[in-house]
Amino acid sequence: MIEILEVKHIQKGVLQAVASIKITNWTNFIIKEVTIWSKDNGARWINFPTRIYDKDGVKKHVPVMEFEDQEVKKLFEQEFFRSYDKYLLDHPKTAQATLDKPTWGQGKTTEELPF
């Protein structure tokens, strides 16, 4: 299960917010600086923290963690947005505009995964 600990809204282009999360099934593993992105067409996704470096005067970002399996990443995002949407309902001052429901993937279910 993913628990949203804190959300800081940014609303800079498609970047909407930064969150701290706790994955309770991973012995309360905490990940800070998870970025939340969304487009006008309803597409939503998250990125894990990145390390910023400079290459020839241009800022570059490299992820410090990632899922190897894209299907698992998609399922993690679905579970994240289920928790995020609930967090926004429970914290109306934090909530922004009405959020679309996440699109559920096929294949594995979140019950089969340890988050």
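Everything quoted here is computed from the prediction, not taken from an experiment. (Residues numbered from 1 in each chain as written. Predicted model: local features only at pLDDT ≥ 70, side-chain atom pairs only at ≥ 80, totals over all residues. Heavy atoms only, no water.)

(A) Representation of the packing of aromatic side chains. Inspection of every chain in the model, using the stated rule, returns 9 aromatic pairs. Look at Phe-48 and Phe-67: their rings are 5.8 Å apart centre to centre, the planes differ by 55 degrees, and that puts the pair in the tilted class. With Phe-48 in the loop between strand E4 (44-47) and strand E5 (50-55) and Phe-67 in the loop between strand E6 (58-63) and helix H1 (70-90), the pair connects residues that are 19 residues apart, well separated along the chain. An identical accessibility class is assigned to Phe-48 and Phe-67; each is buried. Each ring, one from Phe-48 and one from Phe-76, has its centre 5.5 Å from the other, and the planes form 55 degrees; the classification is tilted. (Phe/Tyr/Trp six-rings, centres within 6.5 Å; stacked < 30°, edge-to-face > 60°. Helix = DSSP H or I, 4+ residues; strand = E, 2+ residues; numbered from the N terminus. Buried < 20%, exposed > 50% of the residue type's maximum accessible area, 1.4 Å probe, protein only.)

(B) View of the sheet that holds strand E1 (residues 2-12). The strand order E1-E2-E3-E4 describes an open sheet built from 4 strands, whose pairing is antiparallel. Each edge of the open sheet is held by one strand with a lone partner, namely E1 and E4. This sheet shows a mean twist of 25 degrees between the axes of neighbouring strands, independent of strand direction. Alignment of strand E3 (residues 29-38) against E4, held across 4 bridges, turns out to be antiparallel. By the bridge assignment for E4, Ser-38 is matched with Arg-44. (Pairing = 2+ DSSP bridges. Axes fitted to C-alpha atoms, helices over the stretch in contact; angles between N-to-C directions.)

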